[in-house]
Each structure stands twice: as structure tokens, then as C-alpha cells.
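Survey of secondary and tertiary structure
Given next are the chains, with one letter for each unit.
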Amino acid sequence: MPNAFVFPPPPVVSLPVQGSASRYPVRRLYCVGRNYLEHIRELGNDEKEPPIFFTKPRDAIEQDGATIPYASATRNYHFELELAVALGSGGRDIAEDEALGHVYGYAIALDMTRRDLQKQLTAKSGPWDVAKAFDHSAPCGAIHPVEAVGHPARGRIQLTVNDQVQQDSDLAAMIWNVPQIISRLSTFFELHAGDLILTGTPAGVGPVQPGDVLVGRIDGLGSLTTRIGASL
Ligand code: MN
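First, a word on scope: everything that follows refers to the structure included in this document. Residue positions are given per chain, counting from 1 as you read along its sequence in written order. Note on the predicted model: pLDDT of at least 70 is required for a residue's local features to be given, and 80 or more for side-chain atom pairs to be given and counted; whole-chain, interface and lining totals, by contrast, use all residues. Hydrogen atoms and water are omitted, and side-chain values are computed over all heavy atoms in the structure.

Turning next to the packing of aromatic side chains. Within 6.5 Å between ring centres, the rings of Phe, Tyr and Trp (the latter by its six-membered ring) count as paired, and their orientation is classed by plane angle as stacked under 30 degrees, edge-to-face over 60, tilted in between. Inspection of the entire model under this criterion finds seven aromatic pairs. On the numbers, 4.9 Å between centres and 45° between planes, the contact of Tyr30 with Phe189 is tilted. Placement of Tyr30 in strand β3 (residues 29–33) and of Phe189 in the loop between α6 (178–185) and β15 (196–198) is noted, with a sequence separation of 159 residues between them. The buried label goes to any residue with under 20% of its type's maximum accessible area, the exposed label to any with over 50%, and the partly exposed label to all in between, with areas taken from a 1.4 Å probe on protein chains only. Among the residues examined, Tyr30 registers a relative accessible area of 1% and is labelled buried. Their ring planes at 70° and their centres at 5.4 Å tell us that Phe54 and Trp128 sit as a pair that is edge-to-face. Numbered from the N terminus, helices here are DSSP runs of H or I no shorter than four residues, and strands are runs of E no shorter than two.

In C-alpha cells, the structure reads:
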């Protein structure tokens, strides 16, 4: 192997696959915003507007059981529990009725958010990157293959913080379901195997503090535990 790089390339970001010794290599991390009506209402956003897309860098991913630092540059660091869709193939302009055929599996994820910065940026119609796409902002659990769990279109999605229930909803409450998300996202980007899509959060979002323990659960997908550490 020739020494072709001026410094070592970054490591491959991957997630464990439930029931397998092989891991799922992550290519991109897409997110849907405003995909549950009660969450749109709790943040005071326009409920007639359709959901939106944004992205996070793949190296924002943290593994199940991680302790992540309380984010810098925020005084209102929030959790958002979400269903993650893991693609096993992709394409452009994918039809809704073919979309589920591109799904490899599903996982539990958190879309950690600097809420104060997001509100400021939204008011200025500015980009959300510093509010959403920062280091350690995407804890994600094991990928559960479709062959084991099917395509969960309904089922409980629940987050506890220090054993207190903070978010408690059902996947059926999504405004755009998974086929609609994949189809619409594929009109903007050519999708590929390894792309993860976070599908939006239900109501009940709120702040975390150093020392908090977050446990997310989605029916059939196990749990995701994330601890909040000290500020960087
Ligand atoms: Mn979100």
C-alpha cells in the first residue's frame, strides 16, 4: 500500500448491526425537521408549512452508551429523539412505492440541538449548521435490519431523562412517512447505501444538563443510552 496521503485519512464512521458481526458504514447523515404536528406547535412554527431537510456531518455520530460533552456556545442544549432510516441502496427521484426497497434497517437516534442558536438563526433565515451540525450531535444506536424488524410505520417512540418520561409519541404521527421522506429527499440528492436519515422528533423536546442520562426507546429497536458530560 503506497503512502498516498499527506496525513492519515479520517476513520470510517460506522454503527453496529444487531445480530451481525459486521458494521454499517455511514456515508451521509440527513435530517427531517418539523415532521410531527405537536412538535411544530410546541416551538411555535407554522403548522401549514411542510417538513424541511437539513444535514449533519457523519462524524457527529456517537455510539450507544457514549458520554457526550455539554455543547459549547449554548445555554439551551436540547434533546430530540428520532427514528433513523439506514439505506442499503439509493438513487435519484425514487418513487414512494419503491422507497422501502432501499432501506437496510432502522435505528434510534438523537438530534442534539443548540435551541437558542436555532431560534436566532431561524429568525434571521440563516443556516442551521452551528445549531444542528456540530460535534457529538448525533448519538445513534444499532441498526436493526429490515429482515428482522420489518418497516416500523407505527409504534411507541419514548425518551426518558433521568428516568422521567419527556417524549412519548407514536411513529404513526409523522407528517411525512418514511417512503415520502426518501422519495422527496431523492429529488434533492442522489441517495446511496450508507445514508442515514433522521425522521424528525415528536413533541416534548427540552434542555439537558451535565450528568443527565438520556434513554431513547422505539418499539422493536431496543434502546439508546446517552450521558451528558461536562462542558468542553
Ligand atoms: Mn430533529
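Okay, the side chain of Gln118 next. Summarising the element assignment, Gln118 is placed in helix α3 (residues 115–123). The definition of a polar contact used here is a pair of N or O atoms within 3.5 Å, where within protein one atom must be able to donate a hydrogen and the other to accept one, and adjacent residues in sequence count solely through side-chain atom pairs. Side chain to side chain, Gln118 and Arg115 meet in a polar contact 2.8 Å long.

Right, let's talk about the nonpolar core for a bit. Residues belong to a common nonpolar core when they are buried Ala, Val, Leu, Ile, Met, Phe, Trp, Tyr or Cys residues joined through side-chain atoms within 4.5 Å. Met112, Ile182, Ile197 and Leu214 are the most contacted members of the largest nonpolar core, which totals 39 residues. Note on contacts: a residue pair is in contact if any heavy atoms of the two residues lie within 4.5 Å. Setting aside anything within four residues of it in sequence, one finds Ile197 in contact with Tyr30, Val32, Leu83, Ala84, Val85, Leu87, Ile181, Ile182 and Leu185. Membership of the second largest hydrophobic core comes to 23 residues, among which are Tyr24, Val26, Phe54 and Cys140.

On to the coordination of the manganese ion, then. Nitrogen, oxygen and sulfur within 2.8 Å of a metal are treated as its donors, or within 3.2 Å for sodium, potassium and calcium (Na, K, Ca); water is not counted, so a site can appear incomplete. Binding of the manganese ion to the protein goes through Glu80 (OE), Glu82 (OE) and Asp111 (OD), at separations of 2.0 to 2.1 Å. Considered as a linear motif, the donors of the manganese ion on their single chain read E-x1-E-x28-D. Here Glu80 is found in the loop between β7 (77–79) and β8 (81–87), whereas its partner Asp111 is found in the loop between β9 (103–110) and β10 (113–114), with 31 residues between them in sequence. A single burial state applies to Glu80 and to Asp111, both of which are buried.

Everything listed here is a matter of geometry and, on its own, says nothing about what the molecule does.
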